[in-house]
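Structural overview
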Amino acid sequence: MKDFLNQRIDALDRQGLRRSLKMVVTAQGREVTVNGRSVINFCSNDYLGLAGDERLRVAAEETMRARGFGAGAARLVCGNFDVHEALERELALVKHTPAALFFNAGYMANTGIIPALVGRGDAVFSDKLNHASIIDGIVLSRAKLHRYAHKDMNSLEGMLQKASPAGRKLIITDTVFSMDGDVAPLKDIAALAKKYGAWLMVDEAHAFGVLGPTGAGLVEAEGLGDEVHVQMGTLSKAAGAYGAYAAGSLELKEYLLNTARSFIFTTALPPAVAGAALCALRIMREESWRRERVLANAVLMREGLSALGFDTLKSVTPVIPVMIKDAALAAAMSARLLDQGMFVAAIRPPTVPAHTARLRVTVTAAHTVEDIARCVEAFKRVV
Ligand SMILES: *Cc1c(COP(=O)(O)O)cnc(C)c1O
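Presented here is a report on the structure given in the accompanying data block. (Residues numbered from 1 in each chain as written. Predicted model: local features only at pLDDT ≥ 70, side-chain atom pairs only at ≥ 80, totals over all residues. Heavy atoms only, no water.)

Concerning the pairing of strand β6 (residues 169-174)
Across the six residues that make up β6, a large majority, six, are buried. In the sheet, strand β4 (residues 123-127) pairs with β6 via four bridges, with the strands oriented parallel. Pairing of Ser 126 across the sheet is with Ile 172, part of β6. Here five bridges tie β6 to strand β7 (residues 199-203), and the two strands are oriented parallel to one another. Counterpart to Thr 173 in the pairing with β7 is Val 202. For the crossover from β6 across helix α8 (residues 186-195) to β7, the handedness is right-handed. (Buried < 20%, exposed > 50% of the residue type's maximum accessible area, 1.4 Å probe, protein only. Helix = DSSP H or I, 4+ residues; strand = E, 2+ residues; numbered from the N terminus. Pairing = 2+ DSSP bridges. Right-handed = clockwise from strand over helix to strand, strands pointing away.)

A look at the sheet that holds strand β3 (residues 99-103)
One open sheet accounts for seven strands, arranged β3-β9-β8-β7-β6-β4-β5; its pairing is mixed. Whereas interior strands pair on both sides, the edge strands pair on one side only; in this sheet they are β3 and β5 (144-148). Strand-to-strand twist of the sheet, defined as the mean angle between neighbouring strand axes without regard to direction, takes the value 20°. The strands that helix α4 (residues 82-95) touches are β3, β8 (230-234) and β9 (244-248); relative to β3, the one it contacts most, it runs at about 130°. (Axes fitted to C-alpha atoms, helices over the stretch in contact; angles between N-to-C directions. Contact = heavy atoms within 4.5 Å.)

Quick look at the site of the ligand
Close to the ligand lie 14 residues; Gly 106, Asp 203, His 206, Thr 234 and Lys 237 are nearest. Here Gly 106 contributes a backbone N or O atom positioned 2.7 Å from an oxygen atom of the ligand. Interatomic distance of 2.6 Å between a side-chain N/O atom of His 206 and an oxygen atom of the ligand. Contact with the protein chains covers 87% of the free accessible surface of the ligand, which is 380 Å². Sorting elements by how many residues they give to the shell around the ligand places helix α5 (residues 106-117) first, with three residues. (Near = heavy atom within 4 Å. Polar contact = N/O pair within 3.5 Å; in protein donor to acceptor, adjacent residues only side chain to side chain. Areas by Shrake-Rupley, 256 points an atom, 1.4 Å probe, with all protein chains shown as cover.)

Observations regarding the packing of aromatic side chains
Counted by the stated rule, this structure contains three aromatic pairs. Plain terms: the ring middles of Phe 103 and Phe 263 are 5.9 Å apart, the flat faces sit at 75° to each other, and that makes the pair edge-to-face. In this pair, Phe 103 sits in strand β3 while Phe 263 sits in helix α11 (residues 261-264), placing the two residues 160 residues apart along the sequence. Pair check on accessibility: Phe 103 and Phe 263 agree, each one buried. (Phe/Tyr/Trp six-rings, centres within 6.5 Å; stacked < 30°, edge-to-face > 60°.)

A word on the state of the cysteines
Here, disulfide denotes a covalent bond that connects the sulfur atoms of two cysteines. Throughout the structure, instances matching the rule amount to zero disulfides. Left without a disulfide partner, Cys 43 is nearest to the cysteine sulfur of Cys 375, which lies 10 Å away. (Disulfide = S-S within 2.5 Å.)

Considering the pairing of β8
Extensive coverage of β8 is indicated by the burial of five of its five residues. The side-chain alternation of β8 yields two buried faces, one formed by Val 230, Met 232 and Thr 234 and the other by Gln 231 and Gly 233. The pairing of β7 with β8 spans three bridges and is classified as parallel. Paired with Met 201 across the bridge in β8 is Val 230. Pairing of β8 with β9 involves four bridges; the strand directions are antiparallel. Following the sheet pairing, Met 232 is matched in β9 by Ala 246.

And the structure:
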């Protein structure tokens, strides 16, 4: 087996696609110590700057003091703590939905929700750039996968027309695309869902806490709460914690609780994790300046990088791609940026399509205007 593994690793190396871990030895935040040096962090999804917040740590500690560390069993056995339920009530409140079910991670939410809703003989319509966890959920469901061209409504409608009228139809889209930072045309998608009798599910991983008048996400921003049947999102990004949710009707929660295998067959998250997430949701509600600041920072960063002639695609969010195309060059530029004290991730295939390697710059509410100016300056030096 070692020969096989070495051959494959060498092949990745030659294509500039080999990945390696970088080690962080400080709390998450605008400045982190990575590989032994202090750098400004432009690659976390910690959009509101909450991951390293003292209050989350204290909430986790207090919950842990009262409830211990391990949950001991699945939620449906004896691992359902009061704090898990309090978190679900708070989630329903901030999502403006009748109910919410807490999952252990976004990856597990997608691989649990989708197979619970569709199966063999059904059809799923998925944007080509949807997150890998959505694809894996569809594969697990055994429903037929129709991948429509990115945000292309003609492509989606053509596939909806051709699909068998017999089975159930489910349209799924990221609301903010994780590697491009653009947003889905949700009104148009909702109209097509209605026209063709399809259910609509969204993944708000990068929108939750960032978009919408109260930070609930793109569904809130577009006023589509009644048209979207399942709103999935994660607490590991803007909320700075961990875990995920499915928000929607009371019936949706009751059904998923009884059928989603990634909910049923896994140990509940430690109560302390739920305690920290609950604290984060309350901060998100009270400190709207964080949302305003991350969006303002995104505008500054995008303007600075565009002025240097970089292509940032259609980004309108704190996720800002800088297109490099060549995977090895993107990796080399990321290394040179790190030398300049700027931590920016290179994103390469298979995370993005072939020949679309990029540097993915993310800004947070914790960055200062000077941080952003220094990052733009560093980009000038590494081209
Ligand atoms: C990060 C992400 C997930 C996975 O969420 P985790 O909680 O990190 O497992 C799912 N969907 C999208 C679009 C994501 O960006």
